[in-house]
Structure formats: structure tokens, C-alpha cells
Protein chains: 2
Amino acid sequence: MCEMTIRGIAVQREVQPGDPLTELITRSLQSIGQNWQNGDILVVAQKAVSKAEGRIVHLDEIKPSGLARRWAQRYGKDPRFVEVVLQQAHRIVRMEKGILIGETLHGFVCANCGVDQSNTEEGTAVLLPLDPDESARQIQRSILESCGKKIACIVSDSFGRPWREGLVAVALGVAGLRPLLDLRGQPDRQGRNLTATLPAVGDELAAAAGLVMGKAEGIPAVVIRGFRFEPAQSSGKALLRAPENDLFR
Amino acid sequence: MCEMTIRGIAVQREVQPGDPLTELITRSLQSIGQNWQNGDILVVAQKAVSKAEGRIVHLDEIKPSGLARRWAQRYGKDPRFVEVVLQQAHRIVRMEKGILIGETLHGFVCANCGVDQSNTEEGTAVLLPLDPDESARQIQRSILESCGKKIACIVSDSFGRPWREGLVAVALGVAGLRPLLDLRGQPDRQGRNLTATLPAVGDELAAAAGLVMGKAEGIPAVVIRGFRFEPAQSSGKALLRAPENDLFR
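For clarity, every value in this text was computed on a predicted model and none was experimentally measured.

I tried to follow the environment of I151(A) on my own but got confused; where do I start?
Residue and element names in this part refer to chain A. Topologically, I151 is positioned in the loop between helix 5 (132-147) and strand 8 (152-161). For I151 and P132, which are 19 residues apart along the polypeptide, the C-alpha to C-alpha distance reads 16 Å. Residues contacting I151, with those up to four places away along its chain left out, are W36, Q37, D40, L42, Q140 and I143.

Honestly, the sheet that holds strand 4 (residues 89-96) of chain B in this entry has me stumped. Any pointers?
Where strands meet in a sheet, backbone hydrogen bonds hold them as pairs that are either parallel or antiparallel. Residues and elements named next belong to chain B. The strand order across the open sheet formed by three strands is 4-5-6, and the pairing between neighbours is antiparallel. Sheet topology places strand 4 and strand 6 (109-111) at the edges, where each strand pairs with a single neighbour. Averaged over all adjacent pairs, the angle separating strand axes in this sheet is 25°, with direction ignored. Bridge count between strand 4 and strand 5 (residues 99-104): six bridges; the pairing is antiparallel. When the sheet's bridge partners are listed, A89 is paired in strand 5 with T104. Across the sheet, helix 3 (residues 66-75) is in contact with strand 4 and strand 5; its angle to strand 4 comes to roughly 30°. Its contacts with the sheet place helix 4 (residues 79-87) against strand 4 and strand 5, and it is angled at close to 130° to strand 4.

I tried to follow the pattern of salt bridges on my own but got confused; where do I start?
Note that side chains of opposite charge can pair when their charged atoms are close. What the rule picks out here adds up to 33 salt bridges over all chains. In this structure, D203(B) and R164(A) form a salt bridge, with 2.8 Å as the shortest nitrogen-oxygen distance. Of this pair, D203(B) sits in helix 6 (residues 201-212) while R164(A) sits in strand 9 (residues 164-175), placing the two residues on different chains. Here D203(B) matches R164(A) in class, with each residue buried.

How should the packing of aromatic side chains be read in this particular structure?
What characterises a pair of aromatic rings is the spacing of the ring centres plus the angle enclosed by the ring planes. Tallied over the full model, the rule gives four aromatic pairs over all chains. Relative to F248(A), the ring of W163(A) lies with its centre 5.1 Å away and its plane at 70°, an arrangement referred to as edge-to-face. Of this pair, W163(A) sits in the loop between strand 8 and strand 9 while F248(A) sits in the segment after strand 10 (221-225), and the two are 85 residues apart along the sequence. Like W163(A), the residue F248(A) is buried in the burial classification. When the centroid spacing of 4.6 Å and the interplanar angle of 55° are considered together, the rings of W71(B) and Y75(B) count as tilted. On the criterion of helical spacing, the pair formed by W71(B) and Y75(B) is a turn pair, its members being four residues apart in helix 3. Given the relative accessible area of 28%, Y75(B) is considered partly exposed.

About the cut-offs
Residues numbered from 1 in each chain as written. Chains lettered and ligands numbered in written order. Predicted model: local features only at pLDDT ≥ 70, side-chain atom pairs only at ≥ 80, totals over all residues. Heavy atoms only, no water. Helix = DSSP H or I, 4+ residues; strand = E, 2+ residues; numbered from the N terminus. Contact = heavy atoms within 4.5 Å. Pairing = 2+ DSSP bridges. Axes fitted to C-alpha atoms, helices over the stretch in contact; angles between N-to-C directions. Salt bridge = Lys/Arg side-chain N within 4 Å of Asp/Glu carboxyl O. Buried < 20%, exposed > 50% of the residue type's maximum accessible area, 1.4 Å probe, protein only. Phe/Tyr/Trp six-rings, centres within 6.5 Å; stacked < 30°, edge-to-face > 60°.

Set out below in C-alpha cells:
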């Protein structure tokens, strides 16, 4: 029997640009009598990382394009916000019925290219981190340097998905573990090779953490303990499907 | 700070048709000195539920259609297996490059309509449960009757998804909690209404359990403790997007 524990770490105040996010998280953890352990997995909400990194756009500095203005007018949106979304898109996947799904410059497919206006100052919007893997690596390194412990780190965000309602958290940036395991070729209990087992553990870890984080609750970080993984250098991009395998362009 | 625990329950032997699955799970839980507690969430793998319910097809009884034979020949598959998949489909979503994604009779969109040949006897395939919600309710009722405890139950399966590699567990059947929460209208920390927060907690709970279940490890059931939920009658179908909102037909 294996047991995992999932603990939310509340940070005392709203994260501001330039904040030493890892230090804030570590201090919060220590304030409840806990500390980092080797093998911990820290999941941090993209929004907190982006804010600390200053990935904030002031909408009054944005000049909306014709496309942004037309779309915004049709669906009652802020044209400056729509323009920011379009600027973050490598390509538009769907743009209909008031829903805009794009593939971001990094390669993530999500609504509004991950640009968000909630939990941020009026007149601003928050972008995804520029390089979520690097963000995860920096957090991982910072904990190693300050506490001497080797952890893995995931930067997560909540995405919608086709055919299913609601949002689930997924892994954007990953440091220290493989977010996609390849168990093909391992025998099942009848001794036959499993043909299609590729658990996206990075996304499942993010989802588990998502249960504890709440947009209304101020818990931007979660520690998962008891999930055994092989330390490895990797990337959140391992979870992105190559275009030639994408049946839903 | 809130802490969730996630514990896998190994069942001693392969589940067989007619097995009293809930009893097997309860006995395994008790064998490690544990017992059900009010508020527990039990996640059970669809494969175990389906086997106990006898949802097994013998491929030598299947007469493949022309469509099944042509597809199977082109991609090196068993035409009888393909025929079973087609019979489970309400509609075909994508059928190309050797990948068959269908919407099942229940409404789930997944590869091969959820029909599976792994971890089952040679020459057989396992279907999804006929009514996963009812399966979840029966498990929930059985635990209430035998142990007097009120739990929630999720019947889960691992699905692939567009644009992202790998499989993540999702909720098929649900009893006892709302798998989709509607937090719209609640203020964010700036006091503005959140506009798009609909966490699919049923899927996130399934994903968390998926980290502990392993297809090669014989852990078909997982107990999640410490996730606060409001007891409610609901259905896994709350997680299915209505056709008019589906941009990826």
C-alpha cells in the first residue's frame, strides 16, 4: 500500500512582481513546523510564478487590432484583452461562439492563450510565464541551495478540454521528474505486453494539487509527498503532442 | 493548510465476474488496520468494476463487419476487437492514422470507446460498465450498509486527450459528490467576480487516485481522505459537454 499526502501552502499575501516566491513558500512551510524533504514534489500555480516574474500587462498600453475589436464587440469583451491574447498565440485553434482557443508561443493549447484577468489588479492581465520549465528549475535550484534538499517542481495551470466540462490542472513547466512515463512493453498480469500505457503523471500531479489550490483561497503552492519518482531532467514539453499526431487541429 | 491523503488498496487477486468487489476492497482496507470513515472518497478503476459486472466479450463470438475488417487490415489490428469498438459507439469522432476515437453509448469520448484488451484473458475484451453512475452508487450503498459510513465513490478510467500526450484518469461514474463545482460569481481576492471557475473536481480526484493505481501493480481502488465536499446526489454526466458547446465534433 502506498500513501501520498498533499498539503497546501498558504502564502500570507498577494504575490507581487519581484517577490522571492520560493522563499515565501519555504517560510510558509516552515511556519507550520514543516520543511522540505528529498523527494518532495512542489506544485506551484502559474499565476503566482507569472506575477513574481512580472508577467503583467497594463491594458491601457495596448492598441487593439481590427480583429481584436471586432471579436470583442461581437461578444462583449475588452478589445485590449483580446489583443493581448492574440499576441500570445502561435496559432488560433478555435475562435467561435465567444470562445478563443489558441496554441501559445510555448505550444500549450488553451483558452485565451492562458492570459488571465482574475486575481490581478483592475486594468491588468497576467500572461503565462515566459519559460515555465526554467521557472520550475529556478524554484528547484533555490530550494536545493537554501535547504540542501532535492525536490521536483511543477508549474501548473487549469485548462479546459474538449468534450468535458470544467477545468483541470495540468503541468506547464517541469523540473526534476519525467512528466510522461512510458510503461509500454511492461507485462500486464496475464504476462502480455501493455500496448498503450503512457501515464501523464505530470498532469495527474498537477490535478491532485489543484484539488487543494483554490482560486478563491490563496493557496498557490502544494507539496506532494509519497509519490515515488526517478529524478530526471525533463520538460513540460514532453506532454505536448507533436502536430503530426494531432487529430484536432 | 489542508492535507489530503491518498492510499492505494491492493486486492489480493484478479477480479472475476460476479466477485463482491466492494467486499474485497473493504477486506483489503481492514487487513491493513484501516476502515471506512465518513467523508472518504473511494475511487475504483473501471476495469475492476467492469470485470466484476461481467462486462467481458469473447472475441470468438464476434463477427466483424466490413468496416471493422478493412480498418483492422489496414492497421494490423484484430478485426473482432474493432467490431466490438464500433458496437460501443454512439458516433465516431475520429478514425484515422490507426486511431479510433468514439463517443460511447453513455456519452464518453475516448479511444476505442473504452474497450480494452489489457489485463484480461487472451481472446477477451472488457467493455466499460453499462452504467458507471449506478456502479458507483452500488459501491457507496454497500459500504453504508456493511459499515455504516457515508462515502463518495468515483469509477475512473484513463483517457487520452487532444494536444497532450499520455493518459490521465477521469471520472466516469460518480456517487455522493458533485464532480463539477460552479464557483462563478464568487469574488476573487481583489473582490471581482471570478468569470470562469468551474473546477472538474471529479476528474482531479480520479487523476490523484490514478497516481497510485498502476496498470501493472494490482491496485484497483484508492481512498482519498481530507478532501472536503458537500454530500450530493450527482452523476458523471455532469462532466460531459453538451453537443452545442462542443467545438471539436
